[in-house]
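# Architecture and fold: a report
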Amino acid sequence: MPKSRFWTRTDTAGAEHALLDDGRGLAARGTMLAVDPVPWTCRYQVTTDPDWITTRLEVEVEGTGWLRSVRLERAADRWRVTTAEQGDLDAALAAAGHAPAGLPGTDDPDRLADARDVDLGGSPLFNTLPVRRLGLAGAPADTTHRITVAWVLVPSLAVVPAEQVYTSLGPGRVRFASDSFSADLDLDAEGYTLRYPGLAERGDGR
């Protein structure tokens with residue numbers, strides 16, 4: 001992988017390191033670590049086609065006494081979602097005073113049919129997928145796109161459709177919104193997040 005990106009979490013103790021090749025679409029693998037709601041390590045691989053439409057995502061999350069994985073594959077405008085689980089995440093959450101996470105994956109992949117992008121919870125890398133696919137990094141200010149993504153929650157690995165809105169704020173800035181949440185992201189020249197207020201900042205010296 002010819003490129004490397006590293007982010008430090010600002011909302012909790014944690015970080016993300018991604019290795020990537022974006023010569024023809026994106027091929028990336030990365031690791032995230034965080035302590036909320038319980039300490040976990042997440043490993044992922046994501047692949048897009050040359051137009052930056054996501055074709056595959058594999059995620060594995062592990063903590064004390066549990067491990068979960070999910071794989072999303074897109075073909076013929078449909079998503080196939082497969083999961084696996086070892087141990088008991090809900091027991092770990094209950095011991096830490098948190099609500100149960102429920103099952104990984106989705107019981108109805110057809111609800112994801114409109115998604116061209118995936119979004120991995122807590123990862124600033126995944127905002128780049130729609131930014132690059134829609135050409136937002138260099139778009140005129142106030143250019144707005146409303147999209148549906150396949151949102152993978154961490155650490156539960158539940159997969160749900162989510163409506164998101166991306167609005168160009170001029171060179172190097174994009175507003176991300178979903179439901180009542182919004183954040184103005186600072187981007188580098190390639191569309192990768194430099195600063196995501198309330199979530200993460202780049203720490204690789206670029």
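Residues numbered from 1 in each chain as written. Predicted model: local features only at pLDDT ≥ 70, side-chain atom pairs only at ≥ 80, totals over all residues. Heavy atoms only, no water.

### Overview of the pattern of salt bridges
In this structure the tally under the stated criterion is 21 salt bridges. For the salt bridge of Arg56 with Glu73, the shortest nitrogen-to-oxygen distance reads 2.4 Å. One end of the pair, Arg56, is in strand β5 (residues 54–63); the other, Glu73, is in strand β6 (residues 66–75), and 17 residues separate them in sequence. Its relative accessible area of 30% is what places Arg56 among the partly exposed residues. On the accessibility criterion, Glu73 (16% relative accessible area) is buried. (Salt bridge = Lys/Arg side-chain N within 4 Å of Asp/Glu carboxyl O. Helix = DSSP H or I, 4+ residues; strand = E, 2+ residues; numbered from the N terminus. Buried < 20%, exposed > 50% of the residue type's maximum accessible area, 1.4 Å probe, protein only.)

### Observations regarding the packing of aromatic side chains
Under the defined criterion, the tally for this structure stands at five aromatic pairs. Where Tyr44 meets Phe126, the ring centres are 5.3 Å apart and the plane angle is 70°; that geometry is what we call edge-to-face. On the criterion of sequence distance, the pair formed by Tyr44 in strand β4 (residues 40–48) and Phe126 in the loop between β8 (117–120) and α2 (128–133) is long-range, its members being 82 residues apart. Measuring from ring centre to ring centre gives 5.3 Å for Tyr166 and Phe176, while their planes differ by 55°; the resulting arrangement is tilted. Here Phe176 lies in strand β11 (residues 173–178) and Tyr166 lies in strand β10 (residues 159–168), a separation of 10 residues in the sequence. Across this residue pair, the class does not change: Tyr166 and Phe176 are buried. (Phe/Tyr/Trp six-rings, centres within 6.5 Å; stacked < 30°, edge-to-face > 60°.)

### Structural notes on unusual backbone geometry
A cis amide bond links Asp36 with the next residue in sequence, Pro37, at an omega value of 5°. Note on placement: Pro37 falls in the loop between β3 (27–34) and β4. Residue Val154 is joined to Pro155 through a cis peptide bond whose omega torsion reads 15°. Locating Pro155 in the fold gives a position in the loop between β9 (144–152) and β10. Positive phi is not limited to glycine here, since Trp52 has a value of about 70°. Relative to the assigned elements, Trp52 resides in the loop between β4 and β5. For Trp52, a relative accessible area of 6% translates into the label buried.

### Structural notes on the side chain of Thr128
Position of Thr128 relative to the elements: it lies in helix α2. Classification of Thr128 as buried rests on a relative accessible area of 1%. When near neighbours in sequence (up to four residues on either side) are disregarded, Thr128 contacts Trp52, Gly191, Tyr192 and Thr193. (Contact = heavy atoms within 4.5 Å.)

### Examining the environment of Pro171
Checked against the element boundaries, Pro171 lands in the loop between β10 and β11. For Pro171, a relative accessible area of 80% translates into the label exposed. In this structure the C-alpha to C-alpha distance between Pro171 and Thr128, which are 43 residues apart in sequence, comes to 15 Å.

### A word on the nonpolar core
The biggest cluster of nonpolar side chains holds 50 residues, and the ones touching the most others in it are Tyr44, Leu57, Val59, Leu72, Val118, Leu125 and Phe126. When residues no more than four places from it in sequence are discounted, the contact partners of Phe126 are Tyr44, Val46, Leu57, Val118, Asp119 and Leu120. (Core = buried A, V, L, I, M, F, W, Y, C linked by side-chain atoms within 4.5 Å.)

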